[in-house]
Amino acid sequence: MPGPHRGSCLCGRATYEIHGDFQSFFLCHCSRCRKDSGSAHGANLFSTEARLEWLSGQDRVTTFRLPETRHQRSFCADCGSALPGVQMEGALLVVPAGSLDSEVPIRPNAHINVASRAGWDEHLETIPHIDGLPG
């Protein structure tokens, strides 16, 4: 896998590189990931081997951990964009796929927690596709 993988937040204040490989890529439909993303699912890459290097804006990164759970989310304090975070006492790197500026190097392994997906998240491939903005 060519590296490093580069990424940033929407405002560009926080930039990073990932050195190493991702082992998995999951699209999670649990209610927590839906709330985190504001969408149908979270899309996160996972690695137990890769290393996160902040190039700029590490001081702008905020991490929220939902009490009494393992669920946590790192984000830019300025623009709110999801950003990578180290979890499980440093054992796991979680990288929001949408925060990467370089190509995502692997395809998703699976949709997970599908039993708790949103009611409107069904057969989305059947609705019209528009290449730009509507109208």
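Here the structure is a predicted model, which is why all the values come from computation and not from measurement.

A. The arrangement of the sheet that holds strand β6 (residues 61-65) in detail. The strand order across the open sheet built from 3 strands is β6-β7-β8, with neighbouring strands paired in antiparallel fashion. Of all the strands in the sheet, just β6 and β8 (82-83) have a single pairing partner and so form its edges. Inspection of the sheet shows strand β7 (residues 72-76) paired to β8 by 2 bridges, in the antiparallel sense. Bridge pairing in β8 links serine 74 to leucine 83.

B. Broad picture of the pattern of salt bridges. Across all of its chains, the model carries 4 salt bridges by this definition. Across the pair aspartate 78 and arginine 60 runs a salt bridge whose closest N-O atoms are separated by 2.9 Å. Of this pair, aspartate 78 sits in the loop between β7 and β8 while arginine 60 sits in the loop between β5 (51-56) and β6; the two residues are 18 residues apart in sequence, bridging distant segments of the chain. Residue aspartate 78 is classed as partly exposed on the basis of its relative accessible area of 36%. The salt bridge partner of arginine 117 is glutamate 122, with a shortest N-O separation of 3.4 Å. Connected through shared salt-bridge partners, Arg13, Arg60 and Asp78 make up one network.

C. Highlighting the pairing of strand β3 (residues 24-28). Burial of β3 is extensive: 4 of the 5 residues sit out of reach of the surface. Bridging between β3 and strand β4 (residues 42-47) involves 5 bridges; their strand directions are antiparallel. In the strand pairing of β4, cysteine 28 is matched with glycine 42.

D. Structural context of a nonpolar patch on the surface. On the surface, Trp120, Leu124 and Ile127 cluster together to form a nonpolar patch covering roughly 320 Å² of accessible area. By the element assignment, tryptophan 120 lies in the segment after β11 (110-112).

E. Main features of the packing of aromatic side chains. A complete count under the given rule lists 2 aromatic pairs for this structure. Geometrically, the ring pair formed by tyrosine 16 and tryptophan 54 is edge-to-face, given 5.8 Å between the ring centres and 70 degrees between the ring planes. In this pair, tyrosine 16 is assigned in strand β2 (residues 15-19) and tryptophan 54 in strand β5, connecting sequence segments 38 residues apart. Just as tyrosine 16 is buried, tryptophan 54 falls in that class too. Summarising the aromatic geometry, the rings of phenylalanine 26 and phenylalanine 46 are spaced 6.0 Å apart at their centres and angled 50 degrees between planes, so their arrangement reads as tilted. Pair noted here: phenylalanine 26 is in strand β3 and phenylalanine 46 is in strand β4, with a separation of 20 residues, a long-range link.

F. Structural context of the layout of surface pockets. The volume enclosed by the largest pocket comes to roughly 790 Å³. Every residue lining the largest pocket is counted, 35 residues in all, and those nearest its centre are Cys33, Asp36, Asn44, His71 and Val94. Mapped by element, the contributors of at least two residues to the lining of the largest pocket are β3, α1 (31-37), β4, β7, β8, β9 (85-87) and β10 (92-96). Here the residues of the lining of the largest pocket sort into 17 nonpolar, 14 polar and 4 charged.

G. Main features of the sheet that holds β5. Spatially, β1-β2-β5 is the arrangement adopted by the 3 strands of the open sheet, whose pairing is antiparallel. Either end of the sheet is taken by a strand with one partner, and the two such strands are β1 (5-8) and β5. Put simply, the sheet's adjacent strands are angled 25 degrees from each other on average, direction ignored. Bridging between β2 and β5 involves 5 bridges; their strand directions are antiparallel. Its bridge partner being in β5, histidine 19 is matched across the sheet by arginine 51.

Calculation notes
- Residues numbered from 1 in each chain as written.
- Predicted model: local features only at pLDDT ≥ 70, side-chain atom pairs only at ≥ 80, totals over all residues.
- Heavy atoms only, no water.
- Pairing = 2+ DSSP bridges.
- Helix = DSSP H or I, 4+ residues; strand = E, 2+ residues; numbered from the N terminus.
- Salt bridge = Lys/Arg side-chain N within 4 Å of Asp/Glu carboxyl O.
- Buried < 20%, exposed > 50% of the residue type's maximum accessible area, 1.4 Å probe, protein only.
- Patch = residues over 30% accessible without salt bridge, like charges linked within 9 Å, V, L, I, M, F, W, Y side chains within 5 Å.
- Areas by Shrake-Rupley, 256 points an atom, 1.4 Å probe, with all protein chains shown as cover.
- Phe/Tyr/Trp six-rings, centres within 6.5 Å; stacked < 30°, edge-to-face > 60°.
- 1 Å grid on protein atoms, 1.4 Å probe; cavity = no way out; pocket = protein on both sides within 12 Å on 5 of 7 lines; lining within 4 Å.
- Points joined across faces, edges and corners; volume = space filled by probe spheres on them.
- Nonpolar A, V, L, I, M, F, W, Y, C, P; charged D, E, K, R; others polar.
- Axes fitted to C-alpha atoms, helices over the stretch in contact; angles between N-to-C directions.

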